[in-house]
Amino acid sequence: MKKLIIIILGLLPLTTIYAQTDSTLNRTIVVENEYNPTVIDASKVNVLPKVEEPTVAKKTVEYATTSRKIIGWTKESMIPIERDMMKEKASRGYLNAGYGNYGNALLDAGYLWDITNVDRLKVDFLLNGMNGNIYCPMHKRSDDWNSRWYDTKVKVFYNHVFKPVTLNIGGSYMSQVYNYLGIDSANSLAWVGENKHQHNTVGDVFVSIASCDKDLPFQYKLQTGFLYFSQKYSTFGSGNFDTGFYVINEESSNNHANYKPDKDIEKKIHTEGEIWTGLKEEQYLGLAFGMDNMIYSPSRMPNYTSILLNPYYTIEGDVYRAHLGAHIDWLSGDNGGVDFAPNVKAEYIFQNSYILYVNIDGGRQLNDYGFVNGISRYWKMDEFLKPSYTQVDAKIGFRASPMSGLWFNVYGGYRMVSNDIYSLSTLKFNEPNKGYYTVSFVQSKSKVSYFGAELRYSYKDLFEIGINGLYQGWKTNGLFEYTDDVLLYYAPKFKMDIYAKGKVYAGLNIDGGLKYIKRYSNQLNDVNDLHVGANYEILKNISVFGQVHNLLNKEYGILGYPQEKLNFLAGIKLRF
């Protein structure tokens, strides 16, 4: 036996040499049928759990529970931070209800249904308004104004995901009822004539599709919809400038003695979309487009069509991003033609969280009823408002997050807009010596230099503070009898917003802040809204809340209309 073992050990080197020279190791093997073994009773096989190597965290490191991302290509303020955990645990339904002085009322509700894995339906309802007496120091009248307004809005949104595309269908309906600040020869604020209670009806429906198959040679998204805006009592009219207000003169007011305003309706067919494709790795070529067909009745406003085109090229590297494009916009009608504006953006990123950026942009803004209604519900249309066109808006800035929880953004720029709109306080008469205050608009070219800064800091989930400010230096080309002092009467010169929120203890959160606006006219009181609020969870998913605005009890107005002095709202929140 020992001799046999010795002989085998002696032959081992020879087998190794033979294996090295054997040509069978270089042969090609053709598999005609794949071997797919089946394990019988596989469920009975015991599989050991995967063992992960333990890791030890350094004690000097604090881990934040919030995600921190710096988003490129955003012109808006920095987005609020939201934890992924909170998104997953968020309740599907909510109900907020509250009431306060000045008749302030709030009812806000909504629910999100995940019908299936690919179907989602969301419904929201909002009722917001007030009904109370407001002192009017800027108009020097003998009595208070019984102000009343209520906004009611319903929104429906449905989403379905097919294999290659996602489908969105939605719509909304909003009703606005309110009364004007009136005047008559007795210096009373109660009388405004037939159309004392104005009523706006706003609605829209839309459908959109977007590709979600990354294997397609190009990606796309397309949306089209119909928007409707109806004003029960048309405020369309003209007049002459007089002593700080835009007033219909005595002769014109006599002609309006039997004037009965008609309903004014604006309809819009809006279409927008974008198509893009990848050229090489991190390089994209695309085209964004939009079209608006504006239809008015009665025919005091001209119908027109606006078409927007935005071809672009984008490249993204490890430390830089660049977007090269242009706006090519066409407008029909007597005031139409083709306009051009740049669309260039560039970012340089260093140390992962520091970004130096440059944006040079422009484009068209339709001054439709929906847009001016967002400026003030008390608007009056004196003449057709031409679309405004931003010829250039050049901004350079620096944003960064040097440490966990801290973000800041500093920027400055210059903007030039043709047919920019300026707000004026106006007085319109329905009958001799009897009428109401409204907000009118005139147009002229504007040149604005601006500088702004934002700062935010949050510590874990305990508290967050933020401040942002914006200074604007305005220049206009003037407009007939309207000097810069008139055109810029309500223009904001400096805006500042400060806020803070935090946890006092489990279940109790507080917040507060200051909203400040300094306008160009020294005759106007500054907007100065110091506010605080609190929310306390008394039971799971049941909370009570309260908020107080204008704590300093300041008297100020917005576009000629007085605002509430110290006011509060308190109520309950439900989550389900």
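Residues numbered from 1 in each chain as written. Predicted model: local features only at pLDDT ≥ 70, side-chain atom pairs only at ≥ 80, totals over all residues. Heavy atoms only, no water.

Asker: How would you explain the packing of aromatic side chains if you had to name every residue and give the values?
Answerer: The tally for this structure, following the rule as stated, stands at 27 aromatic pairs. Ring geometry for F218 against Y220: centres 6.3 Å apart, planes inclined by 45°, an arrangement best described as tilted. Taking relative accessible area as the criterion, F218 reaches 38% and is therefore assigned partly exposed. Pairing F229 with W379 gives two aromatic rings, centres 6.2 Å apart and planes at 55°, and the pair type is tilted. In this pair, F229 is assigned in strand β8 (residues 219-231) and W379 in the loop between α4 (369-375) and β17 (388-403), connecting sequence segments 150 residues apart. In terms of burial, F229 and W379 fall into one category: buried. Feature note: the residues W145, Y178, Y180, Y378, Y436 and Y561 constitute an aromatic cluster, connected by ring pairs. (Phe/Tyr/Trp six-rings, centres within 6.5 Å; stacked < 30°, edge-to-face > 60°. Buried < 20%, exposed > 50% of the residue type's maximum accessible area, 1.4 Å probe, protein only. Helix = DSSP H or I, 4+ residues; strand = E, 2+ residues; numbered from the N terminus.)

Asker: How would you explain the environment of R519 if you had to name every residue and give the values?
Answerer: Its place among the elements puts R519 in strand β22 (residues 508-519). Measuring from C-alpha to C-alpha, the distance between R519 and Y490 comes to 5.8 Å, with 29 residues separating the pair along the chain. Excluding residues within four positions of it along the chain, R519 makes contact with Y489, Y490, A491, P492, K493, L524, D526, V527 and I558. Of note is the side chain of R519, whose polar atom sits 2.5 Å from the backbone oxygen of Y490. (Contact = heavy atoms within 4.5 Å. Polar contact = N/O pair within 3.5 Å; in protein donor to acceptor, adjacent residues only side chain to side chain.)

Asker: Which residues make up a nonpolar patch on the surface, and what values do they have?
Answerer: Taken together, I209, F218, L222, I275, L287, F289, L309, I328, W330, V338 and F340 make up a surface patch of nonpolar side chains, about 910 Å² in accessible area. Of all the elements in the fold, those that place two or more residues in the nonpolar patch are β12 (283-297), β14 (320-331) and β15 (337-350). In this structure, L287 sits in strand β12. (Patch = residues over 30% accessible without salt bridge, like charges linked within 9 Å, V, L, I, M, F, W, Y side chains within 5 Å. Areas by Shrake-Rupley, 256 points an atom, 1.4 Å probe, with all protein chains shown as cover. Salt bridge = Lys/Arg side-chain N within 4 Å of Asp/Glu carboxyl O.)

Asker: Account for the nonpolar core, with residues named and values stated.
Answerer: The biggest cluster of nonpolar side chains holds 20 residues, and the ones touching the most others in it are M301, Y304, Y369, W379, M381 and F441. Of all the secondary-structure elements, those providing two or more residues to this core are β12, α4 and β19 (434-459). In this structure, I134, W145, W149 and Y436 belong to the second largest nonpolar core, which totals 14 residues. (Core = buried A, V, L, I, M, F, W, Y, C linked by side-chain atoms within 4.5 Å.)

Asker: Talk me through the side chain of S376; I want residue IDs and the actual numbers.
Answerer: On the secondary structure map, S376 appears in the loop between α4 and β17. Residue S376 is classed as buried on the basis of its relative accessible area of 10%. Beyond its immediate chain neighbours, meaning those up to four positions away, S376 contacts V439 and L559.

Asker: Account for the pattern of salt bridges, naming residues and giving values.
Answerer: Evaluation of the coordinates by the stated rule reveals 11 salt bridges. The residue K268 makes a salt bridge to D368 at a minimum N-O spacing of 2.6 Å. Of the two residues, K268 sits in strand β11 (residues 264-278) while D368 sits in the loop between β16 (354-365) and α4, which places them 100 residues apart along the sequence. The exposure classification of K268 matches that of D368, with both residues buried. Residues D526 and K518 are paired through a salt bridge, measuring 3.8 Å at the closest nitrogen-oxygen approach.

Asker: Can you tell me about unusual backbone geometry, naming the residues and giving the values?
Answerer: Notably, N419 is not glycine yet its phi reads approximately 60°, a positive angle. Mapped onto the fold, N419 is located in strand β18 (residues 406-431). Given the relative accessible area of 27%, N419 is considered partly exposed. Although it is not a glycine, N553 adopts a positive phi angle of roughly 55°. Counting through the fold element by element, N553 comes out in the loop between β24 (542-549) and β25 (557-558). Judged by its relative accessible area of 36%, N553 falls in the partly exposed class.

Asker: An account of the environment of Y357 is requested, with residue identities and associated values reported.
Answerer: Note on placement: Y357 falls in strand β16. In the structure, Y357 is positioned 41 residues away from F398 in sequence and 6.2 Å away in space, judged by C-alpha atoms. Other than its neighbours up to four places away in sequence, Y357 contacts A346, E347, K395, I396, G397, F398, R399, N409, V410 and Y411. A distance of 2.8 Å separates the side chain of Y357 from the side chain of N409, its partner in a polar contact.

Asker: Account for the pairing of strand β7 (residues 197-211), naming residues and giving values.
Answerer: As paired strands, strand β5 (residues 165-179) and β7 are joined by 15 bridges and run antiparallel to one another. In the strand pairing of β7, I169 is matched with V207. Here 11 bridges tie β7 to β8, and the two strands are oriented antiparallel to one another. Note that in β8 the partner of N200 across the bridge is Q231. (Pairing = 2+ DSSP bridges.)

Asker: Could you give an account of the confidence of the model for the protein chain, with specific residues and numbers?
Answerer: When pLDDT is averaged along the protein chain, the result is 80; 76% of the residues meet or exceed 70. Taking the mean pLDDT of every element in the protein chain, the minimum, 33, falls on strand β9 (residues 240-242) and the maximum, 97, on β24. Note that residues 4-88 has pLDDT below 50 and, in this model, 49 contacts with residues that lie over four places away or in other chains. Every residue in residues 238-260 scores below 50 in pLDDT, and together they form 48 contacts with partners more than four places removed in sequence or on other chains. (pLDDT = per-residue confidence, 0-100.)

Asker: Quick one: what's the story with the side chain of H531, residue by residue and with numbers?
Answerer: Structurally, H531 can be placed in strand β23 (residues 527-539). With residues up to four places along the chain from it excluded, the contact list for H531 reads G512, G513, L514, V548, H549 and L551.

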